[in-house]
Every structure is written in C-alpha cells, then in structure tokens.
Amino acid sequence: MTAATVSRRSFLAASLAGGVALTFEARLAFAAPGKAEPAMLGAFITIAPDNTVTILAKNPEIGQGVKTMLPMLIAEELDVAWSQVKIRQADDNADKYGPQFAGGSMTTPLNWLPARQAGAGARAMLVAAAAQQWGVPAASLTTGEGAVRHAASGRSITYAALAPVAVKMAAPDLDKVALKSPKDFKIVGKAMKGVDTPAIVRGEPLFGIDAHPQGMLYAAMVKCPVISGTLKSFDDAAVRREKGVLAVVPITDGEIPAGKHNAVAIVGDSWWRVHKAREKLAVQWDTSGFDGFSTDGYAAEAKALLEKSPAADLFRAGNADAALAKAAKVVTADYAYPFLAHATLEPQNCTALWHADGKLEIWAPTQDPATARGDIAKVLGIEPGSMTIHMTRIGGGFGRRLMSDFMILTACIAKALPGRPVKLLYDRTDDLRNDYFRPAGWHRMTAGVDASGALVALKDHFITFGASGKPMRAAEMRATEFPAPVLPDVQMGMSFIKTNLTTGWLRAPTSNAVAFVFQGFLDEVAEAAGTDLPSLMVKTLGAPKQLPPEPDDTPFDTGRARGVIEAACKFAGWTGKRSAVPGKGRGFGFYFSHRGYFAEVVDLSVSDGAITIDKVWVAGDIGSQVINPLNAEHQMQGAVIDGIAQAMVWQPIEQKAGAVTQENFGDFPLIRINQTPGEVAITWVVTDNPPTGLGEPTLPPVIPAIANAIKDATGKRLRSLPLSLA
Amino acid sequence: MAISLTVNRKARTVDVEADKPLLWVLREDLGMPGTKFGCGAGLCGACTVILNGEAVRSCQTPLSDAAGKDIVTIEGVAASPVGAKVVEAWTALDVPQCGYCQAGQIMSATALLTATPKPSAEEVSAGMAGNICRCATYLRIQKAIAQASTAISGAAA
C-alpha cells in the first residue's frame, strides 16, 4: 500500500463539537479519480485498492486494549470484515481526531457513539457512491464484508472500487446517520485479540523505550533526591572524561506540573555508559524548606489533626452530632492508607529531536499528549503547534503517564542539543522516587444506627494533603460519596497536611483508597446492626433512584448498585453467615467508580499469619454492551489482582528528611505469580445504559472485600493498608 | 576488546566494555530491543534471555560472561520447538496487556518447559516467580503454560 498523496487525499477531518459528537468537516480537494490509490474516508479510515481498510487508533494504548477496541467500533459500522482491517496508531492531533487521552476509563463512554458514527458515515458515502454508479436508490443497497450489494440485480462492488467516488459524496450528518442495531453486530461483542499481540511475542520495537530515530543519543539524569529541591552547583569535569559522554545538560526550569524538576542530564552514545557516568558527577542541591517532610511526621500530624475539628467542610446535611446522640448504636473507627508509587514496568522515558527549524518532534509513551504539549510549550516558551508528538505503545500507565515531567525534561535536553535526537530514560530508582504518588490519607469514621438497624447518621473527618483548604491532585474525595447522599444527617470534613511530594492519579484514583475506608467501615456498621454488609447496603440504597453526581460526572443509580450486589451474592453463594471453618474467611465489597458498578466477594485462608486469596467473584454493570469480552475479562482479572497487590503486597512509600527512600522492587515489591488467586470469576449485569469503561472500576471493591474477609477468618479488623496480620 | 557470542543462532561480535550488561549490548549494540529493561537489578525478569539453555537476567550478565555462549532472545525464541509452542499459546490466549514484561515471561516459560515439559502448578509458580507482570496477566500466563505444555507433549508423542 502506498501512502496517500496530498492531491488524492480527500479527507473529512473529524472535529469535536459540543464536547461529545464528532462531526465531519468536509475538505474535498483532489485530482481526477481513476488511479488505484488509497482513499481516506473521514479522519480514521483509509481504503486501499486491495480492499484492505486501515483504521487509525487515536488513543494511547497502555494495555487497556483501546488500540483494538476503538477500531472495532469503526469497523462494525463501516461493515467490513475484521480480517480486512489493519490498525495504525494515530499521532497526537486533537483537532483532527478529538480527545486523545487514556484516563478515567473514559475512552469507551467518550467514543462509543462518535467512533461508530465515523464508521457509519463512511459507509453511507460508499453506499451513496454505489447508488449513483448503478442508478438505484441507496435504500435498495446492503453492505457487508467491505462490499455494497444490490439484491434485485445481484450486483456487488467492493469498497475499494467505490472509494474514489465515495470521497466526493456529500458528508452525511453524523448525528442522523443510521447505526446498526446491536443484534446485527458482527465485531462488537466478539472476542478480539490485541492488535499488537503478534508483534509483542516477536519482540518488535513498539514501546517508548524502543524508539530509535537515526543518530539518537542517550540521556540519564541525576535528580535532586528531595522533590522540589533546586540545583545549587555541579562539577562535571570528571563526567566529561568518561567514555561515551558527549554532553552534560543542567535542567533548572521545568516547574510544571506541580513542583520543580531540577536535574543534571548526562548525554552520550550509550545509556549504560551515561548512567554509569553519574557516579562521577559532583552536585549540590538546595533542599531547604523541603527536607523536613517525612512519613513519621505526616502520621504524627494526622494523629493530632484527628482530635481537632475539620478545617473545611466537604458535605453537610442535617445535624450529624444530634443524630448520633440519639442513635441506638454508634460505631467509630480510624482508617488509614499510605503513599504509593505507580511502578510501571517500563520506566519513564521519552525521545525528542529539536529540529534545525526550531520545531520539536517527540516520541513518547504518554497517556495525555495534549496536556504534555501545553506543558512543554509553557516551559520551553514555544508554540504548542510547533510540536509533533508520536504516541508509542506504553509499558503500563496506571495514571503515571498522565503527567508530563519525563517529556518536559527530555524536551529541555533536546533543546540543548539541536539536530540530535535524544532519549531520556529513568532508572528504576529515579522512577520510584520521582513519581506522582497516590497520596496517603486518614479517616475518622463515625456512624449511627437506629433501633431497627438502619444507618441514620455518618461523620468522616478526612485528613489529606493540601493547603489553603484545597486538596492536592488526587488527594480529594467525592462530596457525594455513598451513603452520604441518602442519609438525613451527615458531616464530612477535611483537614490538610503539607508535603513536598508530587501527587497524582493511580488507577481508580481516590476510589482505590476511599472504597477501602467506606466499605470496610460499613462492614463494621453492619456487624453492629446485626446484619451483613450486602444486606445493609441494599437496605441503605432503598428504592431505585438517581443520586446527584459530582460535576461533569454521571449520577449514582441505586438500582444498578443493588443489581450487582445481588448478582455477586448469588454468584458466590453468599449466605451472610460467618465462616464455620477456622482460618477461612469470606468478605464482600461494593464500589461505584468510573461509571461502573462492581460488587465482589473474596474467599481467603489465613495460616500462621499468612493470607492467601483463594477466589474472587466479580459482578459488574458497565451498561448494555461489553465491546470486547476477551479483553474485558482480562482487564477485570488484572484489576482484581492489582487491587490485591495494593491491599497486601505493596509497601508504603517511605520518606525521610524530604527524600523517598525506596530503591527498587526489593523495597517496593510488586505482586508475583505465586501470590495470585486461584480464580477470578466474572458475571455481568447487563442494563440498558450506554457502555462504560473497564480499566479501573473493578479494582476498588476487592480491597475492602479482603479486609472484611480477614475479619471473618480471624476476628481481627484491619483498618490500615497494607493489610497485614504480622 | 572484541567479544564474540552467538545470538539466535547467528555469530555476533561486539567491541564494547566487557562489563557492559548483555541487556544493553542487545539493545544498543546489536539493535535488538525486544529484551526489556525494568529494574536493572535482577528483580523483575523483564530482561530474561536464555543463555546456554538457562534463563538468565541479562541486566545482571556482563558481556564477558556471555562470551562464546549461545544466547536466545525473544526475537529468536520461536525458532525452537518449545519456544514456538509457547509463543503460539501466548498468542492464542492473548496473554499480553501492556506487553512490556511479556518477552521475559515467554523466555522464562520456554526455559521452564524445556527443562520440565509437564510442570506442576508449584513448578510453574517457582519457575515464573522471578518475572513481574505489572498488569497482572498471571492467570493467562498460567493457562498459556498449561496449553503449551499439552502441545509439546502432544508433539512429542
């Protein structure tokens, strides 16, 4: 297949209208048709003369499967066979493709309609072309496997043959273009393998770390051990004498996002050489003002703050104190969770080339290229439009690569070495210590239960990180956290601790911590009320209704919540009775996040203080359609095991004198195959709602389910992560 | 000093420092980026290659230790009968999520099944515990090893 020439390219650039719908903006300028060349129909679809259809995948692929899933939606409505389809990763170009980020499990909800409309719009143009060619009404034509058919005359013509004419057809109104009925889906809902799997098992270069533009140099960096510390002075004479070292680049700008990123980069002909040369760098940092922060200090501050009144209100209804004074029973407990790193297996890296004309070309494993583009433009003082960002496959995202620090640093180095591409690679210690950490938090929970066993009042004093009455990034919690909106008397307040650490979103951000606190605590409330957690939840949820959403989010549907709770209990054979077998325990957890409703049951064994997860049951509601069941199952099983890791395996990020102390996977252990549960069983609750994403919402409920199962097995209530009986 | 080794059945000579880890020789000097850098300390297994029939962490293997040895990497693993079955099972079950660790997983699984064609669950756990998958694709890794094991036994019968 040859590349489309500009004169032949007749594309309908997709642009974002009203934040949701893609519309076609027809730009039809091309030479006379006739020659066999690929034709573009819309921003995403190119049809080659051999009837191969190349579909651009617009969003970053971090292992969540969108590089396969988005083209499935387009191919379905275009009505081609999946075997005809080739998939290519699009570059960053939001004007052309619409939003291109991997975050918030938003790819499915944001693209379910627009991607299908893009396919259906192109199909409509192909049908119009056939109708014109044959002089028959479009309504008399059908499509399938990349061809248009006219049943009455028995004629058939391939999309490839029609494409040169189709590109001249008027672009349809995408909001009115007919979409398939789900019962006619041939691709959506079928198990499709990951588009890159064959290349992965052959070891082909796909990832950011594999980028290798001609003449590329390598960079390693020495960063201030204390985040936000600044470069005072350095002596690079000895470094420059090391074999392979070509340049030493101090980086003293780079204040975005949140905190300074001072570093000294060593650039040369081999990463191994420049990394080794770091030992020879004499460097002094100014860490004053930042070297007083420590894990122990935060804990002491939190303890003191819990005894005071909250500094700020989060949500208030009725009079919680008065209601608690009248309650038949009052339950109170303190919960806590630590700072965590993301530890993507592919360390942060980026490759950049500062061209002679001042334009910047970047190859990056980024989850959010548009934000990175803005950040780089700001730090380097260049036009956002002067950059090209190629999105590589990403060796794990988990929210870490929503941040652009590694791209900003690389751009700074590239600017110092115009004309030479340079790849900056963090080593594991750089990566662990310069994370945007999941922030720690503390909650003092209080609940009141009336004589009937109903939950009637709730208080939460949440100690989090921030300043001036505002939580830092990813250190907030929802004011609408269930069950607050359904209770008459609620008081949720926050107090704040300062930190020099940069904070950020870790897979299912805020939910991965708050689910543990609320569902763990409600398990205690259920016990005090003489019931079990699923029963207390069903009672508290009440009749199906929509609870008010957070800004820009969807409402919480108590009926859908109840649906998955009942499904999980049925699936796991939940009886609500305590485990009769010594050392065996069963626990339940529910959570609503990222528009998905998930209820999970955990069976575990405890022997000599060691906890083994035996089986996890998952019931999920993500709407009317699971787009790729093969990947859906994989995402859910992975998220459950990721949750188990957060609950039991990962160790708290430790900070002393301002600096994070962890070095590698020895002191920040990840979960391994021998710690994996025997089975993660999945059942779906299909509801008539638009499909939503699966990268995150399966994760949060497993954490409280484990804590609650440990209580069942041992009688011990663990209220602090990581869960440990040692 | 030039050092010779065999990589995926091809004789290769590199003239770099003898203490340069095999991982970086493969990635930087031999243009074979399939073997991945994860931790640089032998803790994650992303850099696993097979050296004279044994799975080793190439980030901990100085070039001098690879001199004259027979190295198999992800780029060449499917050339062996066991490697081919492992790759086939990995593809059939669509094991990767992000895929970054999978080269190392496939190399460890190939070494395991070459030494132990019918591993018990415990042997799979022990043989694969050195390889971290941050996406936690472990349930499919277990299935793929079982499927490859069956295929190997079938082929041998």
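Residues numbered from 1 in each chain as written. Chains lettered and ligands numbered in written order. Predicted model: local features only at pLDDT ≥ 70, side-chain atom pairs only at ≥ 80, totals over all residues.

As recorded by an unreviewed UniProt entry, chain B carries the name (2Fe-2S)-binding protein and is attributed to Novosphingobium fuchskuhlense.

The name given to chain A in an unreviewed UniProt entry is Isoquinoline 1-oxidoreductase, and the organism recorded there is Novosphingobium fuchskuhlense.

A.B. asks: Account for the domain arrangement of chain A, with residues named and values stated.
C.D. replies: Residue and element names in this part refer to chain A. Per the domain assignment, the segments making up chain A are domain 1 (12-196), domain 2 (214-288 + 344-433) and domain 3 (296-340 + 437-714). The straight-line distance from the C-alpha centre of domain 1 to that of domain 3 is 41 Å. Of all the elements in the fold, those that place two or more residues in the side of domain 1 that touches domain 3 are helix H1 (66-78) and helix H3 (107-134). When grouped by side-chain class, the residues that make up the side of domain 1 that touches domain 3 number ten nonpolar, eight polar and one charged. (Domains from an automatic or database assignment. Helix = DSSP H or I, 4+ residues; strand = E, 2+ residues; numbered from the N terminus. Nonpolar A, V, L, I, M, F, W, Y, C, P; charged D, E, K, R; others polar.)

A.B. asks: Explain the domain arrangement of chain B residue by residue, including any values.
C.D. replies: Residues and elements named next belong to chain B. Domain assignment breaks chain B into domain 1 (2-72) and domain 2 (77-156). Spacing between the C-alpha centres of domain 1 and domain 2 amounts to 21 Å. Facing 16 residues of domain 1, the contacting portion of domain 2 comprises 15 residues. Those elements that place two or more of their residues in the side of domain 1 that touches domain 2 are strand S3 (48-51) and strand S4 (54-57). (Contact = placed C-beta atoms within 7 Å.)

A.B. asks: A description of the packing of H1(A) against H3(A) should follow, citing residues and the corresponding values.
C.D. replies: Residues and elements named next belong to chain A. Here H1 crosses H3 at 35°, and the two axes come no closer than 6 Å. As for the relative orientation of H1 and H3, their crossing is right-handed in sense. For the pair H1 and H3, the contacting residues are Val66, Leu70, Leu73, Ile74, Ala75, Glu76, Glu77 and Leu78 in the first and Thr107, Asn111, Trp112, Ala115, Arg116, Ala118, Gly119, Ala120, Ala122 and Arg123 in the second. Residue classes in the contact of H1 with H3 are distributed as eleven nonpolar, three polar and four charged. (Axes fitted to C-alpha atoms, helices over the stretch in contact; angles between N-to-C directions. Left-handed = near helix turned anticlockwise from the far one by under 90°.)

A.B. asks: Quick one: what's the story with the pairing of strand S24 (residues 489-497) of chain A, residue by residue and with numbers?
C.D. replies: If a strand is regular, its side chains alternate between the two faces of the sheet. All names here are of chain A. Burial analysis of S24 places eight of its nine residues in the buried class, which makes it a mostly covered element. Bridge analysis of strand S15 (residues 312-317) against S24 gives five bridges, and the strand direction is antiparallel. Its bridge partner lying in S24, Ala317 is registered against Val490. Note that strand S22 (residues 455-467) and S24 share nine bridges and pair parallel. The partner of Lys459 across the bridge, within S24, is Gln491. (Buried ≥ 20, exposed ≤ 12 C-beta atoms within 10 Å, placed from the backbone. Pairing = 2+ DSSP bridges.)

A.B. asks: Please give an account of the interface of chain B and chain A that cites residues and values.
C.D. replies: The interface of chain B with chain A comprises 42 residues on the first partner and 44 residues on the second. Elements represented by at least two residues in the side of chain B that touches chain A include exactly helix H1 (22-29), helix H3 (81-92), helix H4 (102-115), helix H5 (121-128) and helix H6 (138-156) of chain B. For the side of chain B that touches chain A, the element with the most residues is H6(B), which contributes four residues.

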